[in-house]
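Topology and contacts: notes
Below are the chains, spelled out letter by letter.
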Amino acid sequence: EELTHPVMKYASMSKGCKGPFTEETIVDIRQIYYAMVAETDAMVGKIVDTIRELGMTDNTYVIYASDHGEMNMEHRQILKNSMYEGSARVPLIVTGPGVKQGLVVEELVSLVDIYPTLMDMAGVAKRDDLSGHSLMPEMKGVAGTRPDWIFSEYHSNFQNTGSFMVRQGVWKYVAYGGGYEPQLFNLSDDSEEMANLSTSQPEKREQMDSLLRGIVDYEAVDAKVKAYDKACFRAWREQLGEERYWETMKELNKGWTAEQQEIIEKWLAQGTVAS
């Protein structure tokens with residue numbers, strides 16, 4: 001069925017595609033995004049108004065957050081699935097008892113901090129095995145206990161290898177499995193992340209890579225994920241049978257050919273599909 005709705009049409013595009021993107025396409029994508037922002041703002045406003053009408057402002061916390069951002073045509077990308085700020089940086093606004101009004105916290109925090117923050121709000125003892133840290137101290141205007149870095153990793157169908165990001169201060173470092181060149185950005189000087197400094201600043205690259213490796217053995221994790229992907233693909237293909245497998249691949253990938261299948265076979269036999 002032809003995709004006619006603008007959101008569905010653009011959502012069907014693949015990440016990192018070369019275009020061409022017409023000016024009309026870019027305007028459409030951004031108009032849809034800002035319309036959704038306005039709609040969300042209106043819905044949040046209704047929730048806040050209801051809390052006020054019910055007289056619950058003194059005993060109710062409101063947390064506004066998101067699981068990801070939207071590339072919105074930055075770096076010629078749409079949707080999420082990226083370590084660029086457009087995708088990886090999310091809003092976090094909190095109000096409620098004990099939260100200092102008008103306070104802007106500049107420290108780096110992470111979504112894994114939300115759960116222990118909720119536990120702190122509810123007066124529940126924090127479990128020792130949680131990765132996050134309560135943000136209640138920061139929201140009261142005092143120093144918190146979380147480290148000065150944040151971490152993120154991504155494994156999915158929009159890229160052919162795992163990506164691992166650590167952010168510390170103005171520095172962002174992104175490493176990839178499979179021997180791809182890492183990325184190093186100074187977000188103070190380069191907020192749009194256009195200049196990869198991994199080659200020109202080797203000492204900072206090594207420092208950030210060491211920090212990342214102290215958090216996770218990203219090469220081992222990447223290898224484990226890829227092995228899992230292959231095992232799942234083989235099981236799925238075996239379950240379908242060859243005839244139905246080919247029919248399905250042609251349905252999911254328009255113009256599927258024997259040459260493309262050869263790439264799959266090489267991936268299953270040797271390693272990652274080259275982009």
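This text goes with the structure placed above it.
Cut-offs applied
Residues numbered from 1 in each chain as written. Predicted model: local features only at pLDDT ≥ 70, side-chain atom pairs only at ≥ 80, totals over all residues. Heavy atoms only, no water. Pairing = 2+ DSSP bridges. Helix = DSSP H or I, 4+ residues; strand = E, 2+ residues; numbered from the N terminus. Axes fitted to C-alpha atoms, helices over the stretch in contact; angles between N-to-C directions. Core = buried A, V, L, I, M, F, W, Y, C linked by side-chain atoms within 4.5 Å. Buried < 20%, exposed > 50% of the residue type's maximum accessible area, 1.4 Å probe, protein only. Contact = heavy atoms within 4.5 Å. Salt bridge = Lys/Arg side-chain N within 4 Å of Asp/Glu carboxyl O. 1 Å grid on protein atoms, 1.4 Å probe; cavity = no way out; pocket = protein on both sides within 12 Å on 5 of 7 lines; lining within 4 Å. Points joined across faces, edges and corners; volume = space filled by probe spheres on them. Nonpolar A, V, L, I, M, F, W, Y, C, P; charged D, E, K, R; others polar. Phe/Tyr/Trp six-rings, centres within 6.5 Å; stacked < 30°, edge-to-face > 60°. Lys NZ or Arg CZ within 6 Å of the ring centre and 35° of its normal.

A word on the sheet that holds strand β4 (residues 163–168)
Neighbouring strands of a sheet are bound in pairs by backbone hydrogen bonds; such pairs are parallel or else antiparallel. Overall, antiparallel pairing links the four strands, which are arranged β3-β4-β5-β6 in an open sheet. Every other strand in the sheet has two partners, leaving β3 (149–154) and β6 (183–186) as the edge strands with one partner each. Between one strand and the next, the sheet's axes are offset by a mean angle of 15°, whatever the strand orientation. Pairing between strand β5 (residues 171–176) and β6: four bridges, direction antiparallel.

Quick notes on the nonpolar core
Counting residues in each nonpolar core, the largest one holds 11 residues, listed as Phe164, Val166, Trp171, Tyr173, Ala175, Leu184, Leu197, Met208, Leu212, Val216 and Tyr218. Of all elements in the fold, only β4, β5 and α6 (202–215) reach the threshold of two or more residues within this core. With residues near it in sequence (within four places) discarded, Met208 still touches Val166, Gln168, Trp171, Tyr173 and Leu184. One finds Tyr245, Met249, Trp256 and Ile264 within the second-largest nonpolar core, a separate group that totals seven residues.

Describing the pairing of β5
In terms of burial, β5 is largely enclosed, as five of its six residues are buried. Of the strand pairs in this sheet, β4 and β5 are connected by six bridges, and their pairing is antiparallel. Bridge pairing links Val166 to Tyr173 in β5. Hairpin connection, β4 to β5: the antiparallel pair is bridged by two residues, and Gly169 has positive phi, about 60°. Two successive antiparallel strands, β5 and β6, enclose a turn made up of six residues, where Gly178 displays a positive phi of approximately 85°.

Topic: the pattern of salt bridges
Side chains carrying opposite charge are able to pair once their charged atoms draw close together. One pass over the structure, following the stated rule, counts 15 salt bridges. Here Glu193 and Lys172 are joined by a salt bridge, their closest N and O atoms 2.8 Å apart. Note that Glu193 is positioned in the loop between β6 and α6 and Lys172 in strand β5, a separation of 21 residues in sequence. A salt bridge links Lys226 to Asp222, with the shortest nitrogen-to-oxygen separation between them at 2.6 Å. Note that Lys226 and Asp222 are positioned in helix α7 (residues 218–240) at a spacing of four residues, about one turn of the helix. With respect to class, Lys226 is no different from Asp222; both count as buried. Taken together, the shared-partner salt bridges connect Glu85, Arg89, Arg167, Lys172 and Glu193 into one network.

So, the layout of surface pockets
In this model, the second largest pocket occupies a volume close to 1300 Å³. Lining the second largest pocket are 42 residues, and of these Arg89, Val90, Pro91, Leu92 and Val109 lie nearest its centre. Only α3 (85–88), β2 (92–95), α5 (136–139), β3 and β4 provide two or more residues apiece to the lining of the second largest pocket. Among the elements that line the lining of the second largest pocket, the one with the most residues is β3, at five residues. For the lining of the second largest pocket, the class distribution of residues is 22 nonpolar, nine polar and 11 charged.

Considering the side chain of Asn72
Relative to the elements of secondary structure, Asn72 occurs in the loop between β1 (62–65) and α3. Since its relative accessible area comes to 7%, Asn72 is described here as buried. With near-sequence residues (within four places) excluded, Asn72 lies in contact with Ile29, Arg30, Tyr33, Tyr34, Gln77 and Ile78.

Section: the packing of aromatic side chains
Counted according to the given criterion, the structure contains eight aromatic pairs. Between Tyr245 and Trp246, the aromatic rings sit 6.5 Å apart at their centres with planes inclined by 85°, giving edge-to-face as the arrangement. Since its relative accessible area comes to 27%, Trp246 is described here as partly exposed. Three or more aromatic residues joined by ring pairs make a cluster, and in this case those are Phe233, Trp236, Tyr245, Trp246 and Trp267. Taking NZ or CZ as reference, Arg237 lies 4.6 Å from the ring centre of Tyr245, over its face.

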